[in-house]
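Chain and residue survey
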Amino acid sequence: MSDQQKIIEHSEEKFFRDGFYKTTMDEVAEEMRMSKKTIYKFFPSKEVLITAVARHFMQNMRNKILPALNSDKNAIEKLEDLVSILTAASLKVTPKRIDEMQRHFPSLWNEIDKFRTKMMFENITRVIDQGKAEGLFIEYPTTIIMNVLVASVRNIVNPEFILNNNFSISEAARYAFKIIIGGIVTEKGKKTFNQTLNKM
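Residues numbered from 1 in each chain as written. Predicted model: local features only at pLDDT ≥ 70, side-chain atom pairs only at ≥ 80, totals over all residues. Heavy atoms only, no water.

Along the chain, the regular secondary structure elements total 11 helices and 0 strands. Ordered by position from N to C terminus, the α and β elements of the chain give α-α-α-α-α-α-α-α-α-α-α. Taken along its principal axes, the extent of the C-alpha atoms in the chain is 60 × 35 × 30 Å. When contacts within the chain are restricted to residue pairs at least 6 apart in sequence, those whose partners lie at least 24 apart make up 68%. (Helix = DSSP H or I, 4+ residues; strand = E, 2+ residues; numbered from the N terminus. Contact = heavy atoms within 4.5 Å.)

Among the surface-exposed residues, F167, Y175 and I179 lie close enough to one another that they form a single nonpolar patch of about 320 Å² accessible area. Tracing the sequence through the fold places I179 in helix α10 (residues 169–182). Relative accessible area serves as the criterion here: at 63%, I179 is assigned to the exposed category. (Patch = residues over 30% accessible without salt bridge, like charges linked within 9 Å, V, L, I, M, F, W, Y side chains within 5 Å. Areas by Shrake-Rupley, 256 points an atom, 1.4 Å probe, with all protein chains shown as cover. Salt bridge = Lys/Arg side-chain N within 4 Å of Asp/Glu carboxyl O. Buried < 20%, exposed > 50% of the residue type's maximum accessible area, 1.4 Å probe, protein only.)

For the rest of this paragraph, the subject is unusual backbone geometry. Most peptide bonds adopt trans geometry, and most residues besides glycine take a negative phi value. Of note in the backbone geometry, R33 takes a positive phi value of approximately 55° without being a glycine. Assignment of secondary structure puts R33 in the loop between α2 (25–32) and α3 (36–42).

A few words on the side chain of S152. Within the secondary structure, S152 sits in helix α8 (residues 142–156). Among the polar contacts listed, one links the side chain of S152 to the backbone oxygen of V148, at a separation of 2.8 Å. (Polar contact = N/O pair within 3.5 Å; in protein donor to acceptor, adjacent residues only side chain to side chain.)

Tallying each qualifying case throughout the model produces 5 aromatic pairs. Ring centres of F16 and F20 lie 5.1 Å apart, and the angle between their planes is 80°; this geometry places the pair in the edge-to-face category. One exposure class covers both F16 and F20, and it is buried. A ring pair is formed by F42 and F43, whose centres lie 6.4 Å apart and whose planes are at 50°; its orientation type is tilted. (Phe/Tyr/Trp six-rings, centres within 6.5 Å; stacked < 30°, edge-to-face > 60°.)

Okay, the environment of H104 next. Its location among the elements puts H104 in helix α6 (residues 95–104). In this structure, the C-alpha to C-alpha distance between H104 and Y21, residues 83 residues apart in sequence, is 7.1 Å.

To continue, consider the confidence of the model for the chain. For residues with low pLDDT, the predicted coordinates do not support detailed interpretation. Of all residues in the chain, 96% attain a pLDDT of 70 or more, and the chain-wide mean is 88. Per-element confidence in the chain ranges from a low mean pLDDT of 75 for helix α9 (residues 159–165) to a high of 96 for α2. (pLDDT = per-residue confidence, 0-100.)

This part takes up the nonpolar core. Within the largest apolar cluster, 59 residues are counted, with the highest numbers of intra-cluster contacts made by I39, L79, I124, I128, F137 and I181. Counting only elements with at least two residues in this core, the list comes to α1 (3–18), α2, α4 (46–69), α5 (75–90), α6, α7 (106–133), α8 and α10. Considering each element in turn, this core owes the most residues, 11 residues, to α4. If sequence neighbours within four positions are ignored, I181 has contacts with L79, F137 and F193. (Core = buried A, V, L, I, M, F, W, Y, C linked by side-chain atoms within 4.5 Å.)

Quick look at the structure:
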């Protein structure tokens, strides 16, 4: 592994654990037993390093989400897998870290928000259409389903809602999944949906 990659992966753990704003480049260098000169050779500022970390995290999420959504499973199982992936990610991406990103690195947060919206519209749309073809979902307009889903994620999985309502990100995501998907399943889909709920 290159020094650049080592710095990104170590910093990702450090930033998510101790905070993006609070963590200093001195601390990163000290923990890695690496000179700041070496770190600055690849990342001229903390903001550049944070951007690299965020993009690395997003790429890893893409690498997990796309295979799950392109598997041979039915649409409800695929969406359950997606919730599981997001739940695992929420162990790192706490409401506090999201709030910190929004407050101190707004342009980067906008990039992250665009990423999650694009991932949902481009990929989950196909899963919704698959569910209709399988007879699992009611023939509601896909664009409406997707806009309800995206609006829910943006409004529920965000620091203000989470912190004010005492939910974890994973709890909020799972409730949103149950409410939205539960509202579009057919009679045929209910059996698969209920089996999926028992696993959650």
